[in-house]
Amino acid sequence: MISDDRVEVGGLSAAEWRRYVRQTCLPEIGERGQTAWKRARVLIVGVGGLGSVSAMYLTAAGIGRLRLVDPDVVSESNLQRQVLYTQAEIGRPKAVCAAERLRALNPHVAVEAQVAAFGRGNALALAGDCDMILDGTDGKRVRYLLDSVSVGLGIPYAYAAIAGFEGRVAVWNTASDAPVYRDLFPEDEAAALEPEAPGVVGPLPGVAAAWQTWEALACLCGARRRDAGDLLCFDLLGGSQCRVQVPANPKRRAEAEADFARLKAGI
C-alpha cells in the first residue's frame, strides 16, 4: 500500500505540502512556483563560502536536483565562513561532505557530488542537463567558461563575487538578448578583471549567497521580474548597497557563443 505522503496532489506529495507550506502560502510562489523548483536541476560550481550556503538554501527550498562540483577538501581556514562543514570533516572532499549534509537536510532533493574541477574537459557533461548554473567559484577564468556554457546551453547563470567586506550578485543570460558576464568584465579589457582581497569577513559569503539563491529561485519560478542586467553591489563595512544596470553588448554574447562552439569542438 502506498503511503499518503507519496501521493502527489498538484505535483507535490503530502509530505512536500507540509514541508513547504510557509512558501506555498505566498501567492508569489504558491503551488506553481514550488512545483517549478521541484522540477529544476541546478549545477553549483564550487561549494565553498558561497556555494555551500546557496546549496543549503536551495535544498531547503525544494530544488529537485543539485549537482555539486568542487575539487577541494575542507581545511581549517574554511570553517570561519563555510558553515556547512565541521572540524571533523577537515581533509575530506567538500562536495562529498556537502552532499551528505544536504541529503540529511531534505530527503526530497536528489544531490550529486562531483569531486572535480569544472573545466573545458567536463563542462558540457556537468552542465548539459541542468536548468541553472550557480557560481560558487573565486576564479576569474572559470567564470568566462561558465558564461560560455550558460549562453551556449541557453540557461541562466546566477553570479556572486565577494572580497573583503564587499559583494556583487546578478543573474546573467535570462533571455537571448539579456546581458552576460562578459558584459560586466570583457575578456579583452584586462584592467576590468574582478578585484581580489586577501581575506573575507565571515558573514559576507552568507549574505551574498542568500541574495544569489533568491535570484536563482526567482528566476526558476518567475516570482519576480526585473530589467535584465541588474547588478546588486553591497558593502557590509559601510552598510551600503546599490543596483547598477549592465547593458547588453551583442559583441560580448557573440564571444561567448564562439567560445562555446570551440568547447563543443573540443578546442
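Residues numbered from 1 in each chain as written. Predicted model: local features only at pLDDT ≥ 70, side-chain atom pairs only at ≥ 80, totals over all residues. Heavy atoms only, no water.

### Notes on unusual backbone geometry
Our working rule: Accessibility here uses a 1.4 Å probe with only protein chains present; expressed as a share of the type maximum, an area under 20% marks a residue as buried, one over 50% as exposed, and anything in between as partly exposed.
Positive phi outside glycine occurs at N173, with the angle close to 60 degrees. Judged by relative accessible area, which is 6%, N173 ranks as buried.

### As for the sheet that holds strand β10 (residues 240-245)
Just so we agree on the cut-off: Here a strand pair is declared whenever DSSP counts at least two bridges between the two strands. The helix count covers DSSP runs of H or I at least four residues long, the strand count covers runs of E at least two residues long, and both are numbered beginning at the N terminus. Lines fitted to C-alpha atoms define the axes here, with helix axes fitted over just the stretch in contact, and angles between the N-to-C directions of these axes take values from 0 to 180 degrees. Working rule for contacts: check all heavy atoms of both residues, and any pair within 4.5 Å makes them a contact.
Taken in spatial order, the 8 strands make up an open sheet running β5-β4-β3-β6-β7-β8-β9-β10, and their pairing is mixed. Each having just a single partner strand, β5 (110-114) and β10 make up the two edges of the open sheet. The sheet shows a mean angle of 15 degrees between the axes of neighbouring strands, direction not considered. Of the pairings in the sheet, the one linking strand β9 (residues 230-235) to β10 comprises 6 bridges and is antiparallel in character. Bridging from a neighbouring strand, C233 pairs with C242 of β10. Sheet contacts for helix α5 (residues 94-105): β4 (65-69) and β5; angle to β5, the most-contacted strand, approximately 170 degrees.

### Section: the pattern of salt bridges
Using the following cut-off: The term salt bridge refers to a pairing of a side-chain nitrogen on Lys or Arg with a carboxyl oxygen on Asp or Glu at a separation within 4 Å.
Under the defined criterion, the tally for this structure stands at 16 salt bridges. In this structure, the salt-bridge partner of D259 is R182, at a minimum N-O distance of 3.8 Å. Linking D259 in helix α10 (residues 250-264) with R182 in helix α8 (residues 181-184), this pair joins segments that are 77 residues apart in sequence. For the pair D259 and R182, a shared accessibility class is recorded, and that class is buried.

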